[in-house]
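A look at the structure
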Amino acid sequence: MALKLPRFGLAGQDSHRDDPYWDFFIHTPPADLTNTVTKLVRNAPAGNIFPTKAELHSPEITASHVKGMAQYFGAELIGIARLDDRSPLALAEESKGGAEGEPKNDEANNLPFAVACAVHADYDPRTSPGIGGQMPVQNGLFITFVLSAWIRELGFRAIVLRDADNDALAAKAGLGHLNGQGRLVTAKFGAKVYVADPIYTDLPLAADG
Amino acid sequence: MSKAANIEPPPEANTSAEFPTPYLGRSVRFVGKFVNVDMKQSPHPKNQRGELGKPLFNWYHNTVSKDPLTRVSAPNHFADRRHFLSTVVNQAAKGKVNPQKVPVSDAAAMARHIKAVARYMGADIVQIAKSHPSYLYAAGGGRYVQDGTAKDDHAADTPEDLARKFPYLIMSTTAWDYDKLQAHRHLIGDAAYHISQIKGNMILKALEGYIKELGYTVLRGVAVPQAVGIASGVGELGRNGLVINKKFGARVHMPDPIMTDLPLVADEPVDIGVEDFCKICRKCANTCPTNSIPFGDKVVHNGVEKYKINWLTCYKLRPYVHDHWGSCLTCATVCPYTKPQAWWHNLATSTLHNCPFILRPILIRFLKWIDDTFWGVVRNGRVQWLGYDSGVKPGEHACTVAGCNASHEKAGATAVAGNVGYYAPLKENTNRFVKREP
């Protein structure tokens, strides 16, 4: 049984119609961002890579275990993309028009795989700045924080990279396709989906897509 | 005989006009003079100071788990503290209370809202208790949030002052999953316990932040979680010392509650039959690897009548099994209330709840017979999950993943067959910790 994450279905929205405070929860941006978990987790520095590499299974099975672990942490859709010659750094800079991409060093280069995790999002986090509207982001951060930490504890590199083109990467990882606005559309959730910041890793995996 | 006739009024100990002795349901009763729990004398702080002996001190502070998942999910056994989310969340800077307070004209609506918010964030159970000084840690003892800090401007306040200023306690918690719990005393059971725990900690932090954004004060590390769990109706206190919930049984965390001045409406303690069941069942006492759970009746401890476990012997086992698992969970797993979400479980608990007290012993003996027959006295089944396999004997290595063609240096010789799981330590090997009661 996967760890339960909240469901954001239409029925859920309807069930809050009588709640006079629900709109505040979803749409009012926090007065102090320190009150949000998203800021805390996003700003947390990554830990060290465990010095001894864990004994791995075959790449196909390791990939299925990564997906199983992500699912247990709450991810509803998980895919793995092979990055070929396009490094995460290059992807990040592309997505920002070559401006200030992160990270600013070569740390993110030479990581051949990206793990894309997505959760259902009935409220679009881009237009719902309240703590409730940002719940898909919070859930995505929980998944990627613990999953990337676990990969580092296996003895491999894992970097959660903000500002990459998450939706395009998710489409490349086989989670769905991009619509006219460049947003991911999935068979399960349509466009009501949030793609968490991808994890770039050198853990030997088998790619989807 | 009606249920109402069986519920005795709370005794008049520790009574004041402002704070009458609280009613905590049938499983726990205040019967005498109660002294507030000193947070510094609770197990983890005592161990942190080295007062429980070197093995426990070193287990707590100086051990790194061999398991990568445990290193990111269990407190204090990480190789790198930055990989443990609860540390990140609990040690973060505290946000400010929004000066633009959201007015609350209907406390009941706000209580429903807070519960909806917590569930939306992923909580499995959300209940509210009316604050009472008895639920709070003693004055001057400081705050306690494991792996975190909880400083605030009210540290010098007495429990009575705090209960006046902050009249509500919110218990928002998560349950750990049933299937993996069947491999308790194993890393698989640990995963279920610890991942749901860090998820719950994050939800509490988010809920705390949201209440501040509503314009109200939040205190953490102030209240005894079990007291709040019982007072708010999360469940009843069992023989195993755990709060037992109607839906999830004993597989629920009791994290640090949120104390607040947000106007809410409190819930009441519940009767789900635990009081009657624990008198008869004793499965947890029979199967506890350290004999830390009593077979006898309740005792009065610090003015409270309850089943009292021997927490020290329970705690002492951990350094000796560190290579195999982190959290025992036997008493939670074998509890007949701990069952999956299924119609037959709901039927059993509802029937028990609605059964007159006088007939409950007959019903309980029947339900326990069903549980022993179909679930068993203790589970020793094999559980496999993402490369973990409880069919591999402790201390041995084997890759049992179907289709894996990788060469494993450690995987060896052990052939794993059948449906038997191995869970160290065996009961007969643990009598060195404490002898079973005669």
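The structure presented is a predicted model; accordingly, all values stated were derived computationally and were not measured.

Right, let's get into the overall build of chain B. Helices and strands together make up the secondary structure of chain B, namely 17 helices and eleven strands. The C-alpha atoms of chain B give a radius of gyration of 22 Å, which matches the 22 Å a tight globule of 438 residues would have. With the principal axes as the frame, chain B shows a C-alpha extent of 70 × 55 × 40 Å. In chain B, which comprises 438 residues, the share counted as buried stands at 58%. Expressed as a percentage of contacts within chain B between residues at least 6 apart in sequence, the contacts between residues at least 24 apart total 76%. For chain B, the exposed surface amounts to about 18000 Å²; the carbon and sulfur share of it is 55%.

Below, the discussion takes up the overall build of chain A. Helices and strands together make up the secondary structure of chain A, namely seven helices and seven strands. Reading chain A from its N terminus to its C terminus gives the helix and strand order α-α-α-α-β-α-β-α-β-α-β-β-β-β. Expressed as a percentage of its 209 residues, the buried residues of chain A come to 56%. Long-range contacts, defined as pairs at least 24 residues apart, comprise 80% of the intrachain contacts of chain A with a sequence gap of at least 6. For chain A, the exposed area adds up to about 8600 Å²; of that, 50% sits on carbon and sulfur atoms.

This part is about the sheet that holds strand S2 (residues 125–130) of chain B. Adjacent strands of a sheet pair through backbone hydrogen bonds, lying either parallel or antiparallel. Residues and elements named next belong to chain B. Read from one edge of the open sheet, four strands run S2-S3-S7-S4, paired in antiparallel fashion. In the strand order of this sheet, the two ends are held by S2 and strand S4 (218–219), each with one partner. In terms of strand pairing, S4 meets strand S7 (residues 258–260) through two bridges, oriented antiparallel. Counterpart to Val218 in the pairing with S7 is Thr260. Here helix H6 (residues 107–121) sits on the sheet in contact with S2 and strand S3 (168–173), set at roughly 145° to S2.

Quick look at the pattern of salt bridges now. Residues and elements named next belong to chain B. Inspection of the entire model under this criterion finds 33 salt bridges over all chains. With its nearest N and O atoms 2.9 Å apart, the salt bridge here joins Arg26 to Asp276. Here the residue Arg26 occupies a position in the loop between helix H1 (3–6) and strand S1 (29–30), and Asp276 occupies one in helix H11 (residues 274–280), the gap between them amounting to 250 residues. Across the pair, Asp276 and Arg26 agree in class, each one buried.

This part takes up the pairing of S3 of chain B. Residue and element names in this part refer to chain B. Of all the six residues making up S3, six are buried; the element is thus mostly covered by neighbouring parts of the structure. Side-chain alternation along S3 places Tyr168, Ile170 and Ser172 on one buried face and Leu169, Met171 and Thr173 on a second face that is also buried. Taken together, the six bridges between S2 and S3 define a ladder with antiparallel strand orientation. Counted as the bridge partner of Ala129 is Leu169 from S3.

Turning next to the sheet that holds S1 of chain B. All names here are of chain B. With antiparallel pairing, three strands are arranged side by side in an open sheet as S1-S9-S8. Both edges of this open sheet fall to S1 and strand S8 (299–301), since each of them pairs with a single strand only. Across three bridges, S8 lies against strand S9 (residues 304–306) in antiparallel orientation. Bridging across to S9, His301 finds its partner in Val304.

Let's shift gears to the interface of chain B and chain A. Between chain B and chain A, the contact holds 67 residues from the first and 55 residues from the second. Taken as a group, His83, Tyr120 and Glu213 of chain B account for 17% of the area that chain B buries against chain A, more than any other trio of residues on that side. One can count one salt bridge joining chain B with chain A. A salt bridge links Glu153 of chain A to Arg71 of chain B; the shortest N-O distance between them is 2.5 Å. For the interface between chain B and chain A, the tally reads 13 residue pairs in polar contact (both at pLDDT 80 or more). Listing elements by their share of the side of chain B that touches chain A, those giving two or more residues are helix H4 (68–73), helix H5 (85–90), H6, helix H8 (178–181) and helix H9 (187–213) of chain B. With 13 residues, the top contributor of residues to the side of chain B that touches chain A is H9 of chain B. Counted by class, the side of chain B that touches chain A contains 38 nonpolar, twelve polar and 17 charged residues.

Attention now goes to the state of the cysteines. Residue and element names in this part refer to chain B. Taken as a whole and judged by the stated rule, the model has zero disulfides over all chains. Cys284 supplies the cysteine sulfur nearest to Cys278, a cysteine that is in no disulfide, at a spacing of 6.2 Å. Assessed through its relative accessible area of 10%, Cys278 is described here as buried.

When the pLDDT values of chain B are averaged, the result is 88; 91% of them are 70 or greater. Note that residues 1–13 of chain B has pLDDT below 50 and, in this model, 24 contacts with residues that lie over four places away or in other chains.

The next subject is H9 of chain B. All names here are of chain B. Helix length check: H9 (27 residues) gives 39 Å between terminal C-alpha atoms against 39 Å at 1.5 Å per residue, within 8%. Here H9 lies mainly inside the structure; 27 of its 27 residues are buried. Remark: Gly215 follows H9 within two positions and exhibits a positive phi of approximately 100°.

The next thing to look at is unusual backbone geometry. All names here are of chain B. Unusually for a residue other than glycine, Arg282 sits at a positive phi of about 65°. Considering the arrangement of structural elements, one finds Arg282 in the loop between H11 and helix H12 (283–287). Arg282 sits in the partly exposed class, given a relative accessible area of 26%. If you check the backbone angles, Asn302 has positive phi at about 50° while not being a glycine. With respect to the element layout, Asn302 can be found in the loop between S8 and S9. The class for Asn302 is partly exposed, based on a relative accessible area of 29%.

In contact at an axis separation of 12 Å, helix H6 (residues 135–153) of chain A and H9 of chain B are set at 140° when each is read in the N-to-C sense. Here H6 of chain A runs over H9 of chain B; the crossing is right-handed. Every residue of H9 of chain B that contacts H6 of chain A at Gln138, Asn139, Phe142 and Val146 of chain A is listed here: Ile195, Ile198, Lys199, Met202 and Ala206 of chain B. When grouped by side-chain class, the residues that make up the contact of H6 of chain A with H9 of chain B number six nonpolar, two polar and one charged.

Moving on, we come to the packing of helix H16 (residues 343–354) of chain B against helix H17 (residues 360–375) of chain B. All names here are of chain B. As a packed pair, H16 and H17 sit with axes 10 Å apart at the nearest point and diverge in direction by 165°. Here H17 runs roughly antiparallel to H16, going by the angle between their axes. Read as a crossing pair, H16 and H17 show a hand that is left-handed. Of H17, the residues touching H16 (which contributes Ala348, Thr351, Leu352 and His353) are Arg360, Leu363, Ile364 and Leu367. The residue inventory of the contact of H16 with H17, partitioned by class, reads five nonpolar, two polar and one charged.

What counts, and at which threshold
Residues numbered from 1 in each chain as written. Chains lettered and ligands numbered in written order. Predicted model: local features only at pLDDT ≥ 70, side-chain atom pairs only at ≥ 80, totals over all residues. Heavy atoms only, no water. Helix = DSSP H or I, 4+ residues; strand = E, 2+ residues; numbered from the N terminus. Rg over C-alpha atoms; globule rule 2.2 N^0.38 Å. Buried < 20%, exposed > 50% of the residue type's maximum accessible area, 1.4 Å probe, protein only. Contact = heavy atoms within 4.5 Å. Areas by Shrake-Rupley, 256 points an atom, 1.4 Å probe, with all protein chains shown as cover. Pairing = 2+ DSSP bridges. Axes fitted to C-alpha atoms, helices over the stretch in contact; angles between N-to-C directions. Salt bridge = Lys/Arg side-chain N within 4 Å of Asp/Glu carboxyl O. Buried area = accessible area lost by both parts, 1.4 Å probe. Polar contact = N/O pair within 3.5 Å; in protein donor to acceptor, adjacent residues only side chain to side chain. Nonpolar A, V, L, I, M, F, W, Y, C, P; charged D, E, K, R; others polar. Disulfide = S-S within 2.5 Å. pLDDT = per-residue confidence, 0-100. Expected span 1.5 Å × (residues − 1). Left-handed = near helix turned anticlockwise from the far one by under 90°. Parallel < 35°, antiparallel > 145°, perpendicular 65-115°, else oblique.

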